Amino acid sequence: MFAKAFRVKSNTAIKGSDRRKLRADVTAAFPALGTDQVSELVPGKEEFNTVKLYAHRGDAVTVYVSGGNPILFELEKNLYPTVYTLWSYPDLLPTFTTWPLVLEKLVGGADLMLPGLVVPPAGLPQVQRGDLCAIALVGNRRSGDKSSPPSIAPLALDPLDLSEEKGSVQADPALQGDMRRLTLEGEEEESGEVQQMYGEKSLSEASEDPSPGGLNPDPTDSRTLQEQMDALLQRCFLQALKCRVKKAELPLLTSTFLGSHMFSCCPEGRQLDIKKSSYRKLSKFLQQMQQEHIIQVKELSKGVESIVAVDWKHPRITSFVIPEPSPTSQTIQEGSREQPYHPPDIKSLYCVPASMTLLFQESGHKKGSILEGAEVRAIIISYAKKNDLVDADNKNLVKLDPILCDCILEKDEQHTVMKLPWDSLLTRCLEKLQPAYQVTFPGQEPIVKKGKICPIDITLAQRASNKKVTVVRNLEAYGLDPCLVAAILQQRCQASTTVTPAPGAKDSLQVQIQGNQVHHLSWLLLEEYQLPRKYVQGLEKAPRPGKKK
């Protein structure tokens, strides 16, 4: 589960009530722990955080962290101890012992088979199918971690007689994940010691790292990471100028050039991070490109730089060819690529209210029936013709019978308005119906809801530090993952982002980005995600060219 990089959604201090509930859950899940041990594991006053994250395959996991070490994790309402907890409480779970060479197979995804076990004189632990178990190595009962755990004396063990009937010991699926997360490193491999890794970094490092997913270098490239990043920076720069930037866009804010153009040219499986290049800053890199006479950069207003000219006939641009991905990187990409986002098909519908049931009951509809606009028009036209309401002298007018009067006229009109033109009649009827809508995501069944669909809402807020932040709400209604959007914006804007519950909205999250990032959001939502503009409000808050954010 944690063998590959994961995405941290939130990292917050645990509340007192949640701390007490967790103690009760630990007591119920692990009866081998005494009251004092539970209090040690979930301390009353020490630093204790709840980290919510998404594993590589999208599993939502809650991790409980004490003093910087993950001690428990919860998956699908089941609580599991981490190896940090297991070496502190080695008798917490039934433990099976195996050899370092067997562990290598487990890391590769193999199941633990009976011939790979080492059996103590008292025999193997008695377990039932689905029981949680721990795996330790010969020579030490501990189950590795990234700190310095104590050495726990092993039980007296005898190799398993391979003449016994072969079988398998199948541990809990979550335990299999634990087994596969164990990796051997350096001298620890020789001594049979184990280290648990969370992707490429520890949990505490992952929550502090501002760059989700890390550098993701090309595994086939022998150059240093900095050299790879310099080459990637040059590639994205040239590809953006050759394929994306148009002359009509100039002058172009350098931050917009980076966020909306260069990042979009980064190949899948890689991540552009200027801080890890030799240039360190975008301004320094663009100065170098200006010295090569590829672009011209000017400070149009204090502290804000823009690209004002591009030499599209420069040899470096004209000779640039988009590289083909290497077979290795292509394989990696194909195995981990997420489905590209496609905007949903959104259709306006109408719901029949109680006040209009008489008008629609002849056509077989009742209160709460959902109709399309074309259906409503057909029903009204059929009703008028069936009841001989079309004016004989003027076919463009419809006489209003008592039902139509009650349904579409205001009270002060019911004794004065006797006829209406067709377009006015249909318009009034649609206005009197209750709004509804249908959302259809690619490959899914349509979802019908009453009311109007709320647009993606972009606002600017001023924080206590007098700094502006951009807040985005209601992404989920359009099938967008707020955490994924936050990660993209964090990279493109080179600004901090947070994902928090949206105030006043149940089960909804909002994304907050430091600074005025409306322009980046506009490009992402309208150009890349192809959402219709009418479903995004707040785009007018984008900073004007030359105006400091």
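Under an unreviewed UniProt entry, the name given to the protein chain is Eukaryotic translation initiation factor 2D, and the organism recorded is Equus caballus. As stated in UniProt under Subcellular location (unreviewed entry), the record for the protein chain gives "Cytoplasm". You can read under Sequence similarities (unreviewed entry) in the UniProt record for the protein chain the words "Belongs to the eIF2D family."

Asks: Now, about the overall build of the protein chain: what can you tell me, with residues and values included?
Replies: For the protein chain, the helix and strand inventory stands at 18 helices and 25 strands. Buried positions account for 44% of the 549 residues belonging to the protein chain. In the protein chain, once contacts between residues fewer than 6 apart in sequence are set aside, the share between residues at least 24 apart is 59%. Of the roughly 29,700 Å² of accessible surface on the protein chain, 50% is carried by carbon and sulfur atoms.

Asks: Could you give an account of the nonpolar core, with specific residues and numbers?
Replies: The tendency in soluble globular proteins is for nonpolar side chains to be buried as a group. Ranked by size, the top nonpolar core spans 33 residues in total, and within it Leu480 and Leu525 carry the most contacts. Secondary-structure elements contributing two or more residues to this core are β19 (434-440), β21 (456-462), α17 (482-493), β24 (509-514) and α18 (518-528). Setting aside residues up to four positions removed in sequence, Leu480 forms contacts with Tyr341, Ile456, Leu475, Val485, Leu525, Tyr529 and Leu531.

Asks: How would you explain the packing of aromatic side chains if you had to name every residue and give the values?
Replies: In this description, an aromatic ring pair is defined by two values, namely the gap between the centres and the angle between the planes. Applying the stated rule across the entire model yields seven aromatic pairs. Ring geometry for Phe48 versus Tyr64: centroids 6.5 Å apart, planes at 35°, classification tilted. Residue Phe48 is located in strand β2 (residues 48-54), and its partner Tyr64 is located in strand β3 (residues 60-66); the two are separated by 16 residues in the primary sequence. Given the relative accessible area of 11%, Tyr64 is considered buried. Taking 4.8 Å as the distance between ring centres and 55° as the angle between the ring planes, the aromatic pair formed by Tyr341 and Tyr529 counts as tilted. Within this pair, whereas Tyr341 is found in the loop between α12 (327-336) and β15 (345-351), its partner Tyr529 is found in the loop between α18 and β25 (536-537), the two being separated by 188 residues in sequence. The class of Tyr529 is buried, set by a relative accessible area of 10%. Here a set of aromatic residues connected by ring pairs shows up, and it is made of Phe237, Phe257, Tyr279 and Phe285.

Asks: Please provide a residue-by-residue account of the sheet that holds β24, values included.
Replies: Within the open sheet, the five strands sit side by side as β23-β24-β22-β21-β25. Their pairing is mixed. In the strand order of this sheet, the two ends are held by β23 (497-501) and β25, each with one partner. Taken together, the five bridges between strand β22 (residues 468-473) and β24 define a ladder with antiparallel strand orientation. Following the sheet pairing, Thr470 is matched in β24 by Ile513. In the packing of α17 onto the sheet, the strands contacted are β23 and β24, and the crossing angle to β23 comes to about 160°.

Asks: How would you explain the side chain of Arg492 if you had to name every residue and give the values?
Replies: Along the chain, Arg492 turns up in helix α17. For Arg492, a relative accessible area of 11% gives the class buried. In terms of polar contacts, Arg492 uses its side chain to reach the side chain of Glu528, at 2.5 Å. In contact with Arg492, other than residues within four places in its own chain, are Leu258, Gly259, Phe263, Ser264, His520, Trp523, Leu524 and Glu528.

Asks: Which residues make up the sheet that holds strand β5 (residues 78-81), and what values do they have?
Replies: Taken in spatial order, the five strands of this open sheet run β1-β2-β3-β4-β5, and their pairing is antiparallel. Bordering the open sheet on either side are β1 (7-13) and β5, each of which pairs with just one other strand. Sheet twist, expressed as the mean angle between neighbouring strand axes with direction ignored, is 25°. Sheet topology places β1 next to β2; six bridges connect them, and they run antiparallel. Among the inter-strand pairings, Val8 is bridged to a residue of β2, identified as Leu53. Docked against the sheet, helix α1 (residues 16-29) engages β2, β3, β4 (69-75) and β5, running at close to 80° with respect to β5.

Asks: Please set out the packing of α17 against α18 residue by residue, giving values where relevant.
Replies: Taken N-terminus to C-terminus, the directions of α17 and α18 make an angle of 125°; their axes are 10 Å apart at the nearest point. One element, α17, and the other, α18, form an angle in the oblique class. Seen from above, α17 lies across α18 with right-handed handedness. Side by side, α17 and α18 meet where Val485, Ile488, Leu489, Arg492 and Cys493 of the first sit next to His520, Leu521, Trp523, Leu524 and Glu528 of the second. Classifying every residue of the contact of α17 with α18 gives seven nonpolar, one polar and two charged.

Asks: Let's hear about the pattern of salt bridges: which residues, and what values?
Replies: For the structure shown, the criterion picks out nine salt bridges. Notably, a salt bridge pairs Arg428 with Glu413, separated by 2.8 Å at the nearest N-O pair. With Arg428 in helix α16 (residues 422-432) and Glu413 in the loop between α15 (402-408) and β18 (419-421), this pair connects stretches of sequence that are 15 residues apart. With a relative accessible area of 18%, Glu413 lands in the buried category. Its salt-bridge partner being Arg492, residue Glu528 comes within 2.5 Å of it at the nearest N-O pair. One end of the pair, Glu528, is in helix α18; the other, Arg492, is in helix α17, with 36 residues separating them in the sequence. Judged by relative accessible area, Glu528 falls into the partly exposed class, the value being 30%.

Conventions and cut-offs
- Numbering of residues starts from 1 in every chain and runs along the sequence as written.
- Predicted model: local features are reported for residues with pLDDT of at least 70 only, side-chain atom pairs are reported and counted for 80 or more only, and whole-chain, interface and lining totals are derived from all residues.
- Neither water nor hydrogens contribute to the side-chain values; these are computed over all heavy atoms in the structure.
- UniProt positions are given in the numbering used here, feature names are shortened, and annotations may be inferred rather than shown by experiment.
- Helix and strand assignments follow DSSP, with helices taken as H or I runs no shorter than four residues and strands as E runs no shorter than two, numbered in order from the N terminus.
- Buried residues are those whose accessible area, probed at 1.4 Å on protein chains only, stays under 20% of the maximum for their type, while exposed residues exceed 50% and partly exposed ones sit between those limits.
- A contact between two residues is defined here by any heavy atoms of the two lying within 4.5 Å.
- Per-residue and other accessible areas were derived by the Shrake-Rupley procedure at a 1.4 Å probe size, with only the shown protein chains allowed to occlude residues.
- Here, nonpolar core refers to any group of buried Ala, Val, Leu, Ile, Met, Phe, Trp, Tyr and Cys residues whose side-chain atoms link them within 4.5 Å.
- Stacked, edge-to-face and tilted are the three classes for Phe, Tyr and Trp ring pairs, Trp counted by its six-membered ring, which pair at centre distances within 6.5 Å; planes under 30 degrees apart are stacked, over 60 edge-to-face, the rest tilted.
- Strand pairing is assigned whenever DSSP identifies at least 2 bridges connecting the two strands.
- The axes are straight lines fitted to the C-alpha atoms, using for helices just the contacting stretch, and the angles between their N-to-C directions are given from 0 to 180°.
- Distance and chemistry together define a polar contact, namely a pair of N or O atoms within 3.5 Å, with one atom able to donate a hydrogen and the other to accept it when in protein, and with adjacent residues in sequence counting only for side-chain atoms on both sides.
- Geometric relationships in this document are graded by angle, where less than 35 degrees denotes roughly parallel, more than 145 denotes roughly antiparallel, 65 to 115 denotes roughly perpendicular, and other angles denote oblique.
- Should the near helix be turned anticlockwise from the far one by less than a right angle, the crossing is left-handed, and should it be turned clockwise, the crossing is right-handed.
- Each residue is assigned to one of three groups, with Ala, Val, Leu, Ile, Met, Phe, Trp, Tyr, Cys and Pro labelled nonpolar, Asp, Glu, Lys and Arg labelled charged, and all others, Gly among them, labelled polar.
- Between Lys or Arg on one side and Asp or Glu on the other, a salt bridge is scored when a side-chain nitrogen of the former is within 4 Å of a carboxyl oxygen of the latter.

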